[in-house]
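A look at the structure
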Amino acid sequence: MKTYSLALIPGDGIGVDVTNATMDVLNVAARRFGFALSPQSFPWSCEYYVETGAMMPEDGIETLRNFDAIYLGAVGWPDTVPDSVSLHGLLLPIRKAFMQYANIRPHRLLPKIEGPLKAEGFDILCIRENTEGEYAGAGGRVHQGTPNEVATEVSVFTRLGVERILRFAFEQARNRRGHLTSVTKSNAQKYSMVFWDEVTREIAEEYPDVTVSHMHIDAMAAKMVMTPQDLDVVVASNLFGDILTDLGAAIQGGLGLAASANISPDRANPSMFEPVHGSAPDIAGKNIANPIAAIWSGVMMLEHLGEATAAAAVLSAIETATGQGIGIRPGLNTTDEITTAIIAALEA
Ligand code: NAD
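Summarised in this report is the structure supplied together with it. Treat the numbers as computed from the prediction; the structure is a model and nothing was measured.

Criteria and thresholds
Residues numbered from 1 in each chain as written. Predicted model: local features only at pLDDT ≥ 70, side-chain atom pairs only at ≥ 80, totals over all residues. Heavy atoms only, no water. Helix = DSSP H or I, 4+ residues; strand = E, 2+ residues; numbered from the N terminus. Contact = heavy atoms within 4.5 Å. Pairing = 2+ DSSP bridges. Axes fitted to C-alpha atoms, helices over the stretch in contact; angles between N-to-C directions. Buried < 20%, exposed > 50% of the residue type's maximum accessible area, 1.4 Å probe, protein only.

**Some thoughts on the environment of Leu90**
Within the secondary structure, Leu90 is located in helix α4 (residues 83–97). Sequence spacing of Leu90 and Thr3 is 87 residues, and the spatial spacing of their C-alpha atoms is 26 Å. With near-sequence residues (within four places) excluded, Leu90 lies in contact with Ile9, Trp44, Met55, Met56 and Val75.

Quick look at the structure:
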């Protein structure tokens, strides 16, 4: 029987609850579709930082390298560890070390979920560059604590990085409805974003079957609210993609429904799957976190591992559950009730 090794990093807060829920569902899918999951859980989190002074051990990346995939719940506990420390100590190093340069986030309404918009028929795939750009980590602070203090945060756009994320996005568009919208701010940012636009035009020549639109990030934010149904695949830099996908989560009904995958396309390294949301300290420990975003991220993991039939069945079970009115509004059902309904639909 095919067995997939999974590194689980449940993390903090509701990250733990939604990881448990996801594994409960995926184990049922594995049994039903004839494969096995072999998970190993790592306690890397803000609690681990408080105990050890680091978000993960020094050999953490090497430890993860040989797994088939990594599944992460959510990391962050701002009361004890600054967010900049938890993010730069775990999530960002994993994305960069394993060249998970494509962050993919689907935005559409599941059955019976009423988003905040009038638009209903949207189906957007956001692709965010995940390793460089505004989050490259280049910069510094000088004269700290003096009136002359200076902080710089330098965006880094390489030809290699921009070409590969655009090719990835064009491939996705080719396999969907054939339209790609590239989002920049090239009127104001005249080096990096003009460069991105130029490379988009170059790569577009390799994909004559894909139509391309160029939009500025501000106009795109409005479009995602006014006419999201016109969008197919959207590609953006690290910061812009980060912001747009929270907007995407909002229009699909909330963070509890927004899934994501950090893909390392050449498959030399493991990819990582995680819901868009964070550790939600405000609802942690209350059994009311919606696990759908996390379970949908598990669907993306099964797809990546090559278990397309099982992935489709889990997604269909999620749709059956929301179609029955389960998990369609924050606080309507407990985490356990939503998980049980999805498992029941999967086993039916
Ligand atoms: P958050 O996503 O944790 O929560 C924002 C709001 O959405 C909260 O009101 C929360 O209750 C709600 N929410 C989130 N997920 C939900 C779910 N599954 N079901 C129901 N409601 C849900 O964002 P935040 O409050 O800005 O950040 C909290 C911590 O999480 C911070 O430390 C932050 O750095 C971290 N964070 C981590 C990740 C990650 O690990 N990928 C992502 C975002 C934020």
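**Overview of the sheet that holds strand β11 (residues 259–263)**
Sheets are built from strands that pair by backbone hydrogen bonding, the pairs being arranged parallel or antiparallel. Taken together, 10 strands build an open sheet; the order of strands is β2-β1-β3-β12-β11-β4-β5-β10-β8-β9 and the sheet is mixed. Every interior strand has two partners, whereas the edge strands, β2 (35–41) and β9 (211–216), have only one. Neighbour-to-neighbour, the strand axes of the sheet open up by a mean angle of 25 degrees, direction not taken into account. Both β11 and strand β12 (residues 271–275) contribute to a ladder of four bridges, which runs antiparallel. By the bridge assignment for β12, Ser260 is matched with Glu274. The strands touched by helix α1 (residues 14–33) within the sheet are β1 (2–11), β2, β3 (69–74) and β12, with β2 carrying the most contacts at an inclination of about 155 degrees. Along the sheet face, helix α7 (residues 217–226) touches β8 (179–184), β9 and β10 (233–236) and points at about 105 degrees away from the line of β9.

**Some details on the pairing of strand β4 (residues 102–108)**
Among the seven residues in β4, seven count as buried, and that is most of the element. Here β4 shows no split at all, with Ala102, Ile104, Pro106 and Arg108 on one side and Asn103, Arg105 and His107 on the other all buried. As paired elements, β4 and strand β5 (residues 123–129) share seven bridges and run antiparallel to each other. Bridge pairing in β5 places Ala102 opposite Glu129.

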